[in-house]
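Understanding the architecture of this molecule
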Amino acid sequence: MTVGKDVSALFPDVVNCMQTDNLELKKLVYLYLMNYAKSQPDMAIMAVNTFVKDCEDPNPLIRALAVRTMGCIRVDKITEYLCEPLRKCLKDEDPYVRKTAAVCVAKLHDINAQLVEDQGFLDTLKDLISDSNPMVVANAVAALSEIAESHPSSNLLDLNPQSINKLLTALNECTEWGQIFILDCLANYMPKDDREAQSICERVTPRLSHANSAVVLSAVKVLMKFMEMLSKDLDYYGTLLKKLAPPLVTLLSAEPELQYVALRNINLIVQKRPEILKHEMKVFFVKYNDPIYVKLEKLDIMIRLASQANIAQVLAELKEYATEVDVDFVRKAVRAIGRCAIKVEQSAERCVSTLLDLIQTKVNYVVQEAIVVIKDIFRKYPNKYESVIATLCENLDSLDEPEARAAMIWIVGEYAERIDNADELLESFLEGFHDESTQVQLQLLTAIVKLFLKKPTETQELVQQVLSLATQDSDNPDLRDRGYIYWRLLSTDPVAAKEVVLAEKPLISEETDLIEPTLLDELICYIGTLASVYHKPPSAFVEGSRGVVHKSLPPRTGSSESAESPEAAPSAGQAAEQPAVIPAQGDLLGDLLNLDLGPPVSGPPLAASSVQMGAVDLLGGGLDSLMGGSGFTAPGPAAPAGMGAPLGSGLGDLFDLTGGVGTLSGSYVAPKTVWLPAMKAKGLEISGTFSRQVDSISMDLVLTNKALQVMSDFAIQFNRNSFGLAPAAPLQVHAPLAPNQSVEISLPLNTVGSVMKMDPLNNLQVAVKNNIDVFYFSTLYPLHILFVEDGKMERQMFLATWKDIPNENEAQFQIKDCSLNADAVSSKLQGSNIFTIAKRNVEGQDMLYQSLKLTNGIWVLAELRIQPSNPSFTVRPSPCCPPLSVAPCPSACPPWGCSSRGQPPQQCC
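Numbers given for residues are sequential positions, taken from 1 along each chain in its written order. Residues qualify for local features only when their pLDDT is at least 70, as the model is predicted, and side-chain atom pairs are given and counted only at 80 or more; totals for whole chains, interfaces and linings, by contrast, use all residues. For the side-chain quantities, the full set of heavy atoms in the structure was used; hydrogens and water were omitted.

This is how it is decided: UniProt positions are given in the numbering used here, feature names are shortened, and annotations may be inferred rather than shown by experiment.
An unreviewed UniProt entry lists the chain under the name Adaptor related protein complex 1 subunit beta 1, with Meleagris gallopavo given as the organism. One UniProt comment on the chain, placed under Subcellular location (unreviewed entry), says "Endomembrane system". UniProt, in its Sequence similarities (unreviewed entry) section for the chain, records the words "Belongs to the adaptor complexes large subunit family."

1. A closer look at the overall build of the chain
Using the following cut-off: Counting from the N terminus, the helices are DSSP H or I runs at least four residues long and the strands are E runs at least two residues long. Type-normalised accessible area, obtained with a 1.4 Å probe on protein chains alone, sets the label of each residue: buried when under 20%, exposed when over 50%, and partly exposed for intermediate values. Whether two residues touch is decided by their heavy atoms; if any such pair falls within 4.5 Å, the residues are in contact. Surface accessibility follows the Shrake-Rupley procedure with a 1.4 Å probe radius. Residue values consider only the protein chains on display as shielding.
Along the backbone of the chain there are 35 helices and 16 strands. The buried share of the chain, reckoned over its 909 residues, is 50%. For the chain, long-range pairs separated by at least 24 residues make up 66% of all intrachain contacts whose partners lie at least 6 apart in sequence. For the chain, the exposed area adds up to about 41,900 Å²; of that, 50% sits on carbon and sulfur atoms.

2. Quick word on a nonpolar patch on the surface
Selection criterion: Without a salt bridge and with relative accessible area above 30%, a residue can belong to a patch; like charges are then joined within 9 Å and nonpolar side chains (Val, Leu, Ile, Met, Phe, Trp, Tyr) within 5 Å. Put simply, a salt bridge is a Lys or Arg side-chain nitrogen that is within 4 Å of an Asp or Glu carboxyl oxygen.
A contiguous nonpolar surface patch, about 320 Å² in accessible area, is contributed by Leu 25, Leu 28, Leu 31 and Met 34. Mapped onto the fold, Leu 31 is located in helix 2 (residues 23-36).

3. With respect to the sheet that holds strand 10 (residues 763-769)
The line we're drawing: Pairing between strands is defined by DSSP: at least two bridges between the two strands are required. With axes taken as lines fitted to C-alpha atoms, and helix axes fitted only over the stretch in contact, angles between N-to-C directions fall between 0 and 180 degrees.
In spatial order, the strands read 7-10-11; together these 3 strands make up an open sheet with antiparallel pairing. Single-partner strands in this sheet number two, and they are strand 7 (715-718) and strand 11 (774-780). In this sheet, neighbouring strand axes are inclined to one another by 25° on average, regardless of whether the strands run parallel or antiparallel. Relative to strand 10, strand 7 is paired through 4 bridges, and the arrangement is antiparallel. Within strand 10, the residue paired with Ala 715 across the bridge is Lys 769.

4. As for the nonpolar core
Note the cut-off: By nonpolar core is meant a set of buried Ala, Val, Leu, Ile, Met, Phe, Trp, Tyr and Cys residues that side-chain atoms within 4.5 Å join together. Delimitation of the domains relies on an automatic or database domain assignment.
By size, the foremost hydrophobic cluster in this structure holds 198 residues, and its most contacted members are Leu 86, Leu 167, Val 204, Leu 318 and Phe 378. Residues lining this core come from more than one domain, with at least three contributed by each of domain 1 (1-158) and domain 2 (401-502). Here Leu 86 is in contact with Val 67, Ala 101, Cys 104, Val 105, Leu 108 and Phe 121, once residues within four sequence places are set aside. Among the nonpolar cores identified, the runner-up in size contains 48 residues, and Ala 707, Leu 731, Leu 747 and Ala 822 belong to it.

5. Some points on the side chain of Thr 69
Relative to the assigned elements, Thr 69 resides in helix 5 (residues 60-72). Thr 69 gets classed as buried once you look at its relative accessible area, which sits at 0%. Leave out the neighbours within four places in its chain, and Thr 69 touches Tyr 30, Met 34 and Phe 51.

6. Observations regarding a negative patch on the surface
Applied cut-off: Within this scheme the basic residues Lys and Arg register as positive and the acidic residues Asp and Glu register as negative, but His and the chain ends are omitted. Taken as the charge location is NZ of Lys, CZ of Arg, CG of Asp or CD of Glu.
A grouping of Glu 424, Glu 427, Glu 431 and Glu 461 is seen on the molecular surface, where their side chains present a negatively charged patch. Within the fold, Glu 427 resides in helix 24 (residues 422-430). Take Glu 427: its relative accessible area is 40%, and that puts it in the partly exposed class.

7. Observations regarding the pattern of salt bridges
Here the structure, examined in full by the defined rule, presents 30 salt bridges. Where Glu 863 meets Arg 865, a salt bridge forms, and the shortest distance between an N and an O atom there is 3.1 Å. Look at Arg 865 and you get partly exposed, because its relative accessible area is 30%. Through salt bridges with shared partners, a single ionic network connects Arg 331, Arg 335, Glu 369, Glu 401 and Glu 403.

8. Observations regarding the environment of Leu 122
Here Leu 122 lies in helix 9 (residues 121-127). Under the relative-accessibility criterion, Leu 122 is labelled buried at 10%. For Leu 122 and Ala 143, which are 21 residues apart along the polypeptide, the C-alpha to C-alpha distance reads 9.6 Å. Aside from chain neighbours lying at most four places away, what touches Leu 122 is His 109, Val 116, Glu 117, Ile 147 and Leu 156.

9. As for the state of the cysteines
Note the cut-off: For this text, the term disulfide refers to a pair of cysteine sulfurs within 2.5 Å.
This structure, assessed with the given rule, holds 0 disulfides. Cys 340 carries a free sulfur, and the closest cysteine sulfur to it, the one in Cys 351, is 5.4 Å from it.

10. Brief notes about the sheet that holds strand 6 (residues 696-705)
Pairing within the open sheet is antiparallel, and its 5 strands lie in the order 4-5-6-9-8. Each edge of the sheet is formed by a strand with only one pairing partner; in this case those strands are strand 4 (673-676) and strand 8 (726-727). Bridge count for strand 8 against strand 9 (residues 742-750) is 2 bridges, and the pairing is antiparallel. What sits directly across from Pro 727, in strand 9, is Leu 749.

11. Here we look at the packing of helix 10 (residues 134-150) against helix 12 (residues 176-187)
Counted only if it meets this: If an angle is under 35 degrees, it is roughly parallel; if it is over 145, roughly antiparallel; if it lies from 65 to 115, roughly perpendicular; otherwise it is oblique. For any pair of crossing helices, the crossing counts as left-handed if the nearer helix is rotated counterclockwise from the farther one by less than a right angle, and right-handed if it is rotated clockwise. Residues are grouped as follows: Ala, Val, Leu, Ile, Met, Phe, Trp, Tyr, Cys and Pro are nonpolar; Asp, Glu, Lys and Arg are charged; every other residue, Gly included, is polar.
In contact at an axis separation of 8 Å, helix 10 and helix 12 are set at 55° when each is read in the N-to-C sense. One finds that helix 10 runs oblique with respect to helix 12. In terms of crossing hand, the pair formed by helix 10 and helix 12 is left-handed. Every residue of helix 12 that contacts helix 10 at Ala 138, Val 141 and Ala 142 is listed here: Gly 178, Phe 181, Ile 182 and Cys 185. Tallied by class, the residues present in the contact of helix 10 with helix 12 amount to 6 nonpolar, 1 polar and no charged.

12. Focus: helix 23 (residues 402-414)
Side chains of residues three or four places apart in an α-helix project in the same direction, reflecting 3.6 residues per turn. Going by this rule: Every helix has an expected span of 1.5 Å times one less than the residues it contains.
Here helix 23 contains 13 residues, and its C-alpha end-to-end distance of 18 Å stays within 8% of the 18 Å for a straight helix at 1.5 Å per residue. Taken residue by residue, helix 23 has Ala 404, Arg 405, Ala 406, Ala 407, Met 408, Ile 409, Trp 410, Ile 411, Val 412, Gly 413 and Glu 414 as its buried positions. The inward-facing, buried residues of helix 23 contact helix 21 (364-380), helix 22 (389-394), helix 24 and helix 25 (438-454).

13. Regarding unusual backbone geometry
For the peptide bond that leads from Asp 759 to Pro 760, omega is 0°, which places it in the cis range. Here Pro 760 is to be found in the loop between strand 9 and strand 10. In this model, Asn 383 sits at a positive phi of 60°, which is unusual for a non-glycine residue. Relative to the assigned elements, Asn 383 resides in the loop between helix 21 and helix 22. Look at Val 694: it is not a glycine, yet its phi comes out positive at around 40°. Note that Val 694 resides in the loop between strand 5 (684-693) and strand 6. Judged by relative accessible area, Val 694 falls into the exposed class, the value being 58%.

14. Digging into the pairing of strand 14 (residues 845-853)
Of all the 9 residues making up strand 14, 8 are buried; the element is thus mostly covered by neighbouring parts of the structure. Here strand 14 runs beside strand 15 (residues 859-866); their pairing, made up of 8 bridges, is antiparallel. Looking at strand 15, one finds that Leu 848 is bridged to Leu 864.

15. Some details on the packing of aromatic side chains
Defined as follows: Aromatic rings from Phe, Tyr and Trp, with only the six-membered ring used for Trp, were paired whenever their centres fell within 6.5 Å, and each pair was classed as stacked if the ring planes differed by under 30 degrees, edge-to-face if by over 60, and tilted otherwise. Sitting over a ring, as applied to charges here, requires NZ of Lys or CZ of Arg to be within 6 Å of the ring centre and within 35 degrees of the ring normal.
Taken as a whole, this structure holds 12 aromatic pairs when the rule is applied. When the ring of Phe 378 is compared with that of Tyr 415, the centres are 5.4 Å apart and the planes differ by 75°; the resulting orientation is edge-to-face. Residue Phe 378 is found in helix 21, and its partner Tyr 415 is found in the loop between helix 23 and helix 24; the two are separated by 37 residues along the sequence. Judged on exposure class, the residue Phe 378 and its partner Tyr 415 are both buried. Take Tyr 415: its relative accessible area is 5%, and that puts it in the buried class. Clustering of aromatic rings is evident, with ring pairs tying together Trp 675, Phe 690, Phe 777 and Tyr 781. In this structure, Lys 295 is placed above the aromatic ring of Phe 329, and the distance from its NZ or CZ to the ring centre is 5.2 Å.

16. Topic: helix 27 (residues 477-492)
Stated formally: It is the directions from the helix axis to the C-beta atoms whose arc is reported. The definition of a polar contact used here is a pair of N or O atoms within 3.5 Å, where within protein one atom must be able to donate a hydrogen and the other to accept one, and adjacent residues in sequence count solely through side-chain atom pairs.
The terminal C-alpha atoms of helix 27 lie 22 Å apart, and with 16 residues this matches the ideal 22 Å at 1.5 Å per residue to within 8%. Here helix 27 has its buried residues at Leu 479, Gly 483, Tyr 486, Leu 489 and Leu 490. Projection of helix 27 onto a plane perpendicular to its axis shows the buried side chains occupying an angular sector of 135°, all on one side. Exposed and oriented more than 90 degrees from the buried face of helix 27 are Ile 485, Arg 488, Ser 491 and Thr 492. Residue Asn 476 occupies the N-cap position of helix 27, its side-chain oxygen lying 2.8 Å from the main-chain nitrogen of Asp 478.

Structure follows, in structure tokens:
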């Protein structure tokens, strides 16, 4: 059997041997049954009685062996007979039998999930987490985790501080693999505050000194996740950083394969928290006998840790690597020198000097790599190191690789006015124009046009020659199109051509190879798994979506940020200097909206912790957006800061102050406006508006093709936003969109997407993809589309809640130039789900008391004062949801504010 021979014909004879008392023989029989039971299901039933009998054997080894084998026999006819023996074994007096039975539940769940739930095995499994034996606890956690992964919607591992305490107690006594199961389970827990997070970290920290590298990485994962909740002012935070470094360094003394896994994980850790290993640069220096995959990974980490303090020793090391015999490694080392120059400005001059020394070696591939990186240094530090151009030109003849030739041509074209014989140099490349790669041809075309714009009288013949080669003699559409663009620019408006071609270029950044921040946070949650080696989320390489749960780090609650921390929030002045992070190209729509799309507002970015805000923050962060449409003015200096922005999406529009149309339910719909002009989207113009009709929200779009080519393959995706707005269906454009053709689409939306507080609150960032490119825009949606139909509060409840609202939750606004009376106002607002609870007249003023409820369950109560002879109204809105600290929530709260889940406001969490 073990050498591949089919011995299934002996099944009846082997089953007869099950009655033996010899333990070794019984193990062999059970092994045979596991292999052949599936091919002989009818005969496998013959073994059931023996299994049941063995489950009651006095020897715990035989009891465990029987239940383990029954779990491994994947035959439907046998599973129903397994239930009773399994139930007994789950409550067996021997811990060895209980831990085996725990794993058997997971196997049985994979065969027949409904049977396991009906028999109550999941509840028994949860009870085993409180078992006195640590190995039983570990196996119960492992079984529940596996079941939870295959059924993400089930809340099996409902952890609380008491169960966490039991897991941490078992952690010290169970085997290394049991520790890994428990640590992975802890990593999925969300502590209620920073004190609990610190307590867990203190009890997990001893695992860092474990001999098993998997235990170490699992412990690092837990600590990296919970550190997000610790304030950087704490002494313990600094202590924890120091404790994390030695175990990571120790992992690098293992065999090369383990080193590589450790280095891939360290790469993620260094991107998230470089301060952990900032003093450990030397351990990443390459050894002569390291395999190439280890060398390249160490090189990458060295660059990430490079700083002004250690740049001297890094450069000395890199210069040494550039003399190695491994060509690929040498190329990477030379590129690393260039990356150091771009990352650490103070070292740029030393890096350029080092690169010139390498060029003097005249080693062909070293020279070519050096020229490529010097081009990048010119882009980073313009007008600073151009004195080296003469040295570069001396090596022109030795360049044979497309990237190096293209880099040299770019340098000659960019600094043509400083090179006396620039025309001769470019003409030498032009001689073999058709033999060059596309990259070189495109660069040569652009360089000669630059040269012509700088020296028009001397190079007219040269530019005509290259334009002719590009447009008439080339089959490459990219080259031909660029040639025609330059030709038309030069022939119609030379001044415009100069502004376009010689425009000032943006400075490049070293950070373009960083992993996109939200993806990095997700990968930190997968430290020690394949995802951390691939640097891809599991959804990118696990077939099907079943069992793949997106994870993220908890929000930061620290009071102050370290200057060295990569996530330290920049000031408003520095915000523009933050490097743009370019995501990987693998899953275009998957990572599409992890980009910073740039909403149409200014100011510093929000801290991640602002997502977890209470009701009081709602006023400061955006209720003014709700009321701040055109027609509103803030009464004096007490008005919220956000009132100046003319959003055109508040209550002013609900009174028809700006025109618009009504839907079937009477809800106001703003007129369509252009969200994405054609000039910014290669001919695609997108205009639209938002509407709400009886429990459904829609984005009403008009797509217009103003380009000269057909558009197709449309898709849309939203970034995370304040209310979790997301498309409820794909963007359906049933036929290709021909030039000058428009199509109207109503895209249904829901509010079950990811939540992140935006500024302003109703900002929505959108990405639209078609066969041409991906385009980004942002728009402001009117908040009244989020007002739900069951927002009318009972009068007694309204009165009780209104009295309990603290003063700081209130704001006051004025609506000007509205001539409607109280009844008309009430009717018009009810069409948009703003309900009048009571009306009274005080000193000639009509007072309307109103309630509305948002899709995330937050209630807003308002008082509207109307003076019959005065066209100005006064509004006092107040969110009625109490702060989160009032009482524990009986059910899941949304990420900010809280949900009443249909209950009166004071019953919400």
